[in-house]
Amino acid sequence: MRWKITLGLLTALLSVTNAANAKSPYRDEVQKAAREAVKEAKTAAGVIPLLTLATLEVDAPPGVVRAELERLSRDAKLPPGRRALAKRLFARSLVAAGDLARSEAIVDELGYVRDFMVIGPFDNEGKAGLDEPTGAESLVEGEVQPGLTLRGKERDVTLRAMPRGGYLGYVDLDAVMRPNESVCAIAATTVKAPKAMPLLLHVGVGGAYRLFWNGVEVMRDEAYRGPFPDRDVVAVGAHAGENRLAIKVCVERRAFGFSTRITGVDGNRVAGLEIDGSSLPVTPTGHGVEIPSAPKSDFRVLAEAATREGAKAIDLERYARFLALTGSDDPAENLAEQLARRAAEEEPTPERIAFAAALASQRGEAMKLVAIASRRFPNDPRTLLLEAQLKATSYDPPSALPILDRIPARGKEGYLARDLRADVFEGMGLPETALVECEANLRTAEGSRSAKLAVLRLLGTLDRDEQVEALRRELVADKYDDVSNRKVLLAIALYRGRTDEVKAHLEAIRAVTWGRAGDAIYAANVLEAIGDQDGALSV
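Residues numbered from 1 in each chain as written. Predicted model: local features only at pLDDT ≥ 70, side-chain atom pairs only at ≥ 80, totals over all residues. Heavy atoms only, no water.

Visitor: Please explain the overall build of the chain as it appears in this structure.
Guide: A count of helical and extended segments in the chain gives 21 helices and 12 strands. Over its C-alpha atoms the chain spans a radius of gyration of 26 Å, differing by no more than 12% from the 24 Å that the globule rule assigns to 539 residues. Along the first, second and third principal axes, the C-alpha set of the chain runs to 80 × 70 × 45 Å. Taken over 539 residues, the chain has a buried fraction of 52%. Contacts spanning at least 24 positions in sequence make up 70% of the contacts within the chain whose residues lie at least 6 apart. Of the accessible surface of the chain, which amounts to about 24000 Å², a share of 51% is contributed by carbon and sulfur atoms. With 73 positive and 78 negative side-chain charges, the chain shows a spacing of 4 Å between the two charge centroids. (Helix = DSSP H or I, 4+ residues; strand = E, 2+ residues; numbered from the N terminus. Rg over C-alpha atoms; globule rule 2.2 N^0.38 Å. Buried < 20%, exposed > 50% of the residue type's maximum accessible area, 1.4 Å probe, protein only. Contact = heavy atoms within 4.5 Å. Areas by Shrake-Rupley, 256 points an atom, 1.4 Å probe, with all protein chains shown as cover. Lys, Arg positive; Asp, Glu negative; His and termini not counted. Charge placed at Lys NZ, Arg CZ, Asp CG, Glu CD.)

Given below as structure tokens:
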């Protein structure tokens, strides 16, 4: 065993020699995505590099992605809808930076509607609830009785105001509905327009939905998707004064909620438009003015290109990437995997094959895709990495090591090879050797979050408690909304009797969890533990 450990350490040390002073390979990835987002700004394809950019935040050095998102959020080359997405992604990054006030200001600027009356949950067994009457149809059109109470899925449910909090304009029905699986709910609000005018409604829903404007159904999607903002857009005509916006949402087991924002036809916020979710007065029916044709959302443009007869491989790949990056795939359809595989088979490239293999739900399918890469691109580092990933998850994980040794140490593939090598060493019972690899990546990655998390896991395995605590503090400093590590540090502070530190962590946790029931109970328990009975009772 001593010989194996020495050999493992030697292999690890040799593999990291070139990594010690290298620039993070993800800096180049960030710049590439940002350039592509501008280059493809006028096409629906431009949304893919923007979404990809946001996903790099965990791997890039702290603050690098945030700076690019801020720049893109002001770039006039991007169309209004794309610029709005960049702003929302920037607002999300600001939450991680702890700048909650600025994040909230951006959400308000974008025109998100956050004041609703809601009722539910109603039954949706067998996905039959979307068109099934509930008795709450008056929320869609007509007079709404105060205190409206109806039979829900398991008990009587009453019309109530939705708490205005929520993450970046997201109306979180999961937070207020029980049960929250195989159910439906209806939400409605009053939109007060300063004059009759055309408007655009931008909608993203978790589950299937029907959207109504003054009693008229203006949009529906029967697929059970994840909640991604602005996935759909539709034009409506506002009457001068009060208008009714309503939405029926049905879910199975995914996130239950939605986001809606209202803009003018130019995509900008409308001056003088007011939202009142406290009452639902009777409104005129239908549209108040002739409505223009709404621009198609990126989602719909990409979907049409990928599903038309004779679709090109690039169109299949783009739609698959959108579905995967946004959680917009219905699990019952599993389109992303199918389209990605077709694209990789029709016009294989290393990137396309790697993407399809990552989505493959069956190991056999992944093996077929890797075989294509091995035939077409046998010496490409991306192919070698795919081959090593298959070996690392086989009955003989150490067989991945000779393949990983063929991958150059520099660049993203070298970084990923060290990460995979660490997994293999850890599985072999060599956590110290694995730690050498992960610490090298931490230096190469310039302190990225993903690299720190990998080191944290191994330090925990080695029972290095002081180093673990120090690294948790770094992670929380880098990411204000790191609730899991904050809760661990809070528990440590509570054990040590550091009440001020407990309160500081609790304040941050409550600021970023937006009042979910489970987090409220947690807060009450913590306050009680530090002797703040009044605070615990007021939560």
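Visitor: Whenever I open this one, the side chain of Asp380 confuses me. Can you help?
Guide: Structurally, the position occupied by Asp380 is in the loop between helix H11 (363-376) and helix H12 (381-392). Here the side chain of Asp380 touches Arg382 through a polar contact of 2.6 Å, side chain to side chain. (Polar contact = N/O pair within 3.5 Å; in protein donor to acceptor, adjacent residues only side chain to side chain.)

Visitor: Which parts of the structure should I look at to understand helix H14 (residues 411-427)?
Guide: The α-helix advances 3.6 residues per turn, and as a result positions three or four apart in sequence lie on the same side. Counted at 1.5 Å a residue, the expected span for H14 with its 17 residues is 24 Å, and the 25 Å between its end C-alpha atoms agrees. Here H14 has its buried residues at Glu413, Gly414, Tyr415, Ala417, Arg418, Leu420, Arg421, Ala422, Val424 and Phe425. Just past H14, the residue Gly429 takes up positive phi, approximately 80 degrees. (Expected span 1.5 Å × (residues − 1).)

Visitor: What exactly am I supposed to notice about the pairing of strand S7 (residues 197-213) here?
Guide: If a strand is regular, its side chains alternate between the two faces of the sheet. Of all 17 residues in S7, 16 are buried; the element is thus mostly enclosed. Two strands pair when backbone bridges link them, and S7 and strand S9 (residues 232-238) are joined in this way by 7 bridges, in the antiparallel orientation. Paired with His202 across the strands is Val233, a residue of S9. Note: S7 against strand S11 (residues 257-263), 7 bridges, orientation antiparallel. Residue pairing for S11: Val203 is matched across the bridge by Thr260. Relative to strand S8 (residues 216-225), S7 runs antiparallel, the two sharing 6 bridges. (Pairing = 2+ DSSP bridges.)

Visitor: Whenever I open this one, the packing of helix H10 (residues 350-359) against H11 confuses me. Can you help?
Guide: Relative orientation and spacing of two packed helices are given, respectively, by the angle between their axes and the distance between those axes. One way to put it is that H10 packs onto H11 with a least axis distance of 9 Å and a crossing angle of 170 degrees. With respect to each other, H10 and H11 are oriented roughly antiparallel. The handedness of the crossing between H10 and H11 is left-handed. Of the residues in H11, those in contact with Ile353, Ala356 and Ala357 of H10 are Ala366, Leu369, Ile372 and Ala373. Residues belonging to the contact of H10 with H11 are distributed by class as follows: 7 nonpolar, no polar and no charged. (Axes fitted to C-alpha atoms, helices over the stretch in contact; angles between N-to-C directions. Parallel < 35°, antiparallel > 145°, perpendicular 65-115°, else oblique. Left-handed = near helix turned anticlockwise from the far one by under 90°. Nonpolar A, V, L, I, M, F, W, Y, C, P; charged D, E, K, R; others polar.)

Visitor: Any chance you could explain the environment of Ala311 here in plain terms?
Guide: Position of Ala311 relative to the elements: it lies in the loop between helix H7 (298-307) and helix H8 (313-326). Sequence spacing of Ala311 and Asp405 is 94 residues, and the spatial spacing of their C-alpha atoms is 39 Å. Setting aside residues up to four positions removed in sequence, Ala311 forms contacts with Ala305, Ala306, Leu316 and Glu346.

Visitor: How should the packing of helix H3 (residues 47-55) against helix H5 (residues 80-97) be read in this particular structure?
Guide: One way to put it is that H3 packs onto H5 with a least axis distance of 11 Å and a crossing angle of 5 degrees. In terms of axis orientation, H3 runs roughly parallel to H5. On H5, the residues touching Val47, Leu50, Leu51 and Ala54 of H3 are Arg82, Leu85, Ala86, Leu89 and Arg92.

Visitor: Help me understand the pattern of salt bridges, please; the structure alone is not making it clear to me.
Guide: Two side chains that carry opposite charge are able to pair once their charged atoms sit near each other. Tallied over the full model, the rule gives 53 salt bridges. Note that Glu304 is salt-bridged to Lys296, the shortest N-O span being 2.9 Å. According to the relative accessible area criterion, Glu304 is partly exposed, its value standing at 42%. Given the relative accessible area of 53%, Lys296 is considered exposed. One salt-bridge network, held together by shared partners, links Asp131, Arg210, Glu217, Arg220 and Glu222. (Salt bridge = Lys/Arg side-chain N within 4 Å of Asp/Glu carboxyl O.)

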